[in-house]
Structure formats: structure tokens, C-alpha cells
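Here is what each chain is made of, one letter per residue.
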Amino acid sequence: MSWEDMAQEDELATGAEEGTTTVAADDGEEGSEAGRPGVQLTREQRELMRFRNVVRKKDFVCFERVNGRLVNILAGLELHTGVFSAAEQQRIVEYVYTLQEKGKLGELGDRTYTEPQKWMRGKGRVTIQFGCCYNYATDKKGNPPGIIRTITSDPMPGLFKVMIKRLVRWNVLPTTCIPDSCIVNIYDPGDCIPPHIDSHDFLRPFCTVSFLSECSILFGSSLKVAGPGEFTGSSSIPLPVGSVLILNGNGADVAKHCVPAVPSKRISITFRKMDPGKHPFSFRDDPELLDITPLETAIQETSRSSSERKNIQIRNLSKSLSKKSKGRTYAQALVSDISSQQTLHGQPTISCTSAERERYSVAQEKKHGNIMNLIEDGIESQGRRQRMEHRQMLMINHTIKRTNDIQQAKEDQGEPG
């Protein structure tokens, strides 16, 4: 499954409402007509438009006294909305349900899919892990909490890798911490996640993407259990549908966090990068998740490369013109070349007055300057240069004809040439 397919579906479903495929043609003049046809945007332009419309909240503040000092326990948290459209979210949710069905049928790894028995409210959410198997408590085989290095988990699905690329390209996650594992949580109404701090088997930052329904996540240096699936804490942050919560700094390592019992069906996908020293023994880096370039960096590099190519072309053309003139002006070189061609073909060499030659030289020098200005503006195509040279030759021929007419008129009047 490719992101292009998801983007195409999104364009068809919501393009007219959100304006992702077209923008109204508007020349900025007053009284412009309403309902004018829109301008079709390229895929790159649509992606850039959506990227720039992402809302990023990074000013979370909640002070608590930790080890005798007042500390902003939410420092490092970020909430990004608008990263995944409604159609993209629907495709992701449908894929998660497909994975759940495979897990129930035993088509996923033994430790990839888990569905514990719901023995009380708040217990029993379904989890699906990729990239590694994380143990929440010591298991029956004596494996301690943390990444089980001897177990090979199912590899990251293609759609999830596409999501990771989006998160990195759109500056939601840094290129220094590209996720190589994830855990999917499928909540039924009443399911929860108890207070905890994520294991340092995983690097910071990491992120959680929310689907299906909005819920709140609690933060605090000390969270208390108020009942089955119910908790109290100093700060509650709503997680809108489709939002991406980044956990880093104090928000990841000083404050605990939990998700109280959800009121309705919910899915979350948490992406994390494993500590290289904790990798499963059989782990190998995925080439698709290496060297992801952020969108704005790619645009800047493309623009810089285009500018460099333009400067090289201008320098090469300038050198060519300098060699061709051999120290003479551009107009003088052209006149001399034409005079030489006329002599070779047995035609008389035309003699112009000093004033005419000067006017002609000035006109051609001005024309040459205009050509160079056009080139500097980016008009360097071979076809256009040929048309410019053709117009120059027409001007020269016109001047030669005019001089011939003057010469002929003088001869007809009996004046010396």
C-alpha cells in the first residue's frame, strides 16, 4: 500500500472542501469575478500546502515541585494536528482492523499480537507490536521487563513506514530519532493505560498518533489511582482525532502519564526508536527508514541546485561570447563577419558613415545588454537564443539594406559615393 494511493483518495474525498487540489485563480485586483476556475496544483505543491497548515503546539506548562525544585513537568511535549487527513486516518484504521483479524487467526507472530482476557474494567486492551517485542512484566520464561532480545518480532508494515516518513518529512520527528518499532493499542470502551514512564530501552523523543475518538492523557510527577481505570493528576491534555503527541524532555522522563478509561472505541499507534544496545539480536536496519530528508530541506536543496546550474550556464555563455568577440564589441564582430561573407561572395563591401556606424553600434550593444539581462532572469534555452540571434541578423540586414538604399540614391543623383 502506497502513500500515493492514500493521497489520491484524500484528494477525491475532501479536495473540494479543503482546497487541497486547487486554489482559486485571483490576480489580486478588486472586483475579481467569483467562481473563476481554480489552478491545478502538483502533488509537491499540495504536500507543501498541507505541511505549512500543520498546527504545532509546544508551550505546555505545568509546574510541580520535584526533588525540592519547581519544574515544568510538561517541557518537551508537542502536539501536532493536521498531519493526517480524514481519508488517511480511515485508511490507517481499516488497516489496523485487518491486522487485528490476522492476529486472531494466528497469522502474526506469537508475541506480535496479544489480546488478554478482560477480567476487570480498564484491563485487556489489544496490542500489536512490530520491530521488537516489549515485555511489560517478567514473563513465565523469566524474561525481565524490557525489549526481549532473543525474540524476532514481525517487521514494520509498509503503511506504518509511510507514516514514519510523513512524520520525519514534516518535522514532527527529528531525523536523529527515526522510529524502528511501534506498538498499536486497540481500546474498547473502558480500557485504559495505567501511570508509567516509558522504558529507556527506547530513545527520546517518541510519539503517539490518535484515531477514532478523542481522549485525554494525564501527566503528573505523582498520579493516583481513583478507581478501576480512573486516575487523577495535575495536568490533562486532550488528544484530538488524528493528532500526534511528541514526548520528550521532562514530559517523557520526569512526569508520568496515563490514559484513563476511554468512553468509546479508540486506536493509538506509538512509534519509538530502540536504543541500539537493546536491539533484538536478529534486528537489521530497514533501508526505507534511513536518510529521510525533511520537506523544507529538500526544497532548499533543489532550489540551490537549480540556482547553481543557472549560474554555470550564464558563466559558460559569457565566456563563449567573450571568445567570439575577440576583444571587439559584439556589434562590431557581427558587422565584420557579414562584410567578410560579402567579400567572399563577390559582393562590394558596404561603407557606412561614421554617424551611422555609431548609431548601429550603440543599438546593437543595447540589444546585447538586453539579451544578457534576459539570460540572468533564467531564459537560457537553446531555442530562445537561436530566435534572438535570428532577430539580430534581421536588424543587421535591415541596416545594410538601408545603407545600400542611401548609397544608390546618391549615385542616382550623381553625387560621389
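Reading the values: the criteria
- Residues numbered from 1 in each chain as written.
- Predicted model: local features only at pLDDT ≥ 70, side-chain atom pairs only at ≥ 80, totals over all residues.
- Heavy atoms only, no water.
- 1 Å grid on protein atoms, 1.4 Å probe; cavity = no way out; pocket = protein on both sides within 12 Å on 5 of 7 lines; lining within 4 Å.
- Points joined across faces, edges and corners; volume = space filled by probe spheres on them.
- Helix = DSSP H or I, 4+ residues; strand = E, 2+ residues; numbered from the N terminus.
- Nonpolar A, V, L, I, M, F, W, Y, C, P; charged D, E, K, R; others polar.
- Pairing = 2+ DSSP bridges.
- Expected span 1.5 Å × (residues − 1).
- Buried < 20%, exposed > 50% of the residue type's maximum accessible area, 1.4 Å probe, protein only.
- Salt bridge = Lys/Arg side-chain N within 4 Å of Asp/Glu carboxyl O.
- Core = buried A, V, L, I, M, F, W, Y, C linked by side-chain atoms within 4.5 Å.
- Contact = heavy atoms within 4.5 Å.
- Patch = residues over 30% accessible without salt bridge, like charges linked within 9 Å, V, L, I, M, F, W, Y side chains within 5 Å.
- Areas by Shrake-Rupley, 256 points an atom, 1.4 Å probe, with all protein chains shown as cover.

If you look the protein up in an unreviewed UniProt entry, it shows as Fe2OG dioxygenase domain-containing protein from Zizania palustris.

**Let's talk about the layout of surface pockets**
Picture a little ball the size of a water molecule; that probe, rolled over the atoms, points out where space is still empty. Roughly 1100 Å³ of volume is contained in the largest pocket. Lining the largest pocket are 42 residues, with Arg 125, Thr 127, Tyr 136, Ile 183 and Asn 185 sitting closest to its centre. At the level of elements, β8 (126–130), β9 (134–135), β11 (181–187), β12 (193–196), β13 (206–211), β19 (256–259) and β20 (266–272) are the ones that each hand at least two residues to the lining of the largest pocket. The residue inventory of the lining of the largest pocket, partitioned by class, reads 18 nonpolar, 15 polar and nine charged.

**Remarks on the sheet that holds strand β6 (residues 78–81)**
Reading across the sheet, the eight strands line up as β3-β6-β18-β13-β20-β11-β8-β7 and stay open at both edges, with antiparallel pairing between neighbours. Where the open sheet ends on each side, the last strands, each with one partner, are β3 (55–57) and β7 (113–114). Strand direction decides the pairing type here: β3 and β6, joined by three bridges, are antiparallel. Note that in β6 the partner of Val 55 across the bridge is Thr 81.

**Considering helix α4 (residues 158–169)**
Across its 12 residues, α4 extends 16 Å between first and last C-alpha, which sits within 8% of the 16 Å expected from 1.5 Å per residue. Across the 12 residues that make up α4, a large majority, nine, are buried. Of all the residues in α4, the buried ones are Leu 159, Phe 160, Lys 161, Val 162, Met 163, Ile 164, Arg 166, Leu 167 and Val 168. In the segment just after α4, Asn 171 is the residue with positive phi, at about 60 degrees.

**Overview of the pattern of salt bridges**
Applying the stated rule across the entire model yields 11 salt bridges. Residue Lys 161 pairs with Asp 286 through a salt bridge whose shortest N-O separation is 3.0 Å. Residue Lys 161 is found in helix α4, and its partner Asp 286 is found in the loop between β20 and α6 (295–325); the two are separated by 125 residues along the sequence. A relative accessible area of 23% means that Asp 286 is categorised as partly exposed. The partner of Lys 165 in a salt bridge is Glu 288, and the shortest N-O contact between them spans 3.5 Å. Pair noted here: Lys 165 is in helix α4 and Glu 288 is in the loop between β20 and α6, with a separation of 123 residues, a long-range link. Among the residues examined, Lys 165 registers a relative accessible area of 26% and is labelled partly exposed. Since its relative accessible area comes to 43%, Glu 288 is described here as partly exposed. One continuous salt-bridge network, built from bridges that share partners, spans Lys 161, Lys 165, Asp 286 and Glu 288.

**Considerations on the nonpolar core**
If you look at the biggest cluster of nonpolar residues, it comprises 39 residues, and the most contacted ones within it are Phe 160, Leu 167, Val 244, Ile 269 and Phe 271. Within the residue set of this core, elements represented by two or more residues are α2 (43–52), α3 (86–104), β8, α4, β11, β13, β18 (244–247) and β20. The element best represented in this core is α4, accounting for six residues. Setting aside residues up to four positions removed in sequence, Val 244 forms contacts with Glu 78, Leu 79, His 80, Val 83, Phe 84, Leu 167, Val 172, Cys 207, Thr 208 and Val 209. Membership of the second largest hydrophobic core comes to 22 residues, among which are Val 66, Leu 74, Ile 193 and Ile 237.

**Some words on the pairing of β18**
Side chains Val 244 and Ile 246 project from β18 onto one buried face, and the interleaved Leu 245 and Leu 247 project onto a second face that is buried too. Where β6 and β18 come together, three bridges link them in antiparallel fashion. Counted as the bridge partner of Glu 78 is Ile 246 from β18. Here β13 pairs with β18 via four bridges, running antiparallel. If you follow Cys 207 over to β18, its bridge partner there is Ile 246.

**Concerning a nonpolar patch on the surface**
There is a patch of nonpolar side chains on the surface, built from Val 61, Phe 63 and Leu 70 and spanning about 340 Å² of accessible area. Within the secondary structure, Val 61 is located in the loop between β3 and β4 (63–66). For Val 61, a relative accessible area of 56% corresponds to the exposed category.

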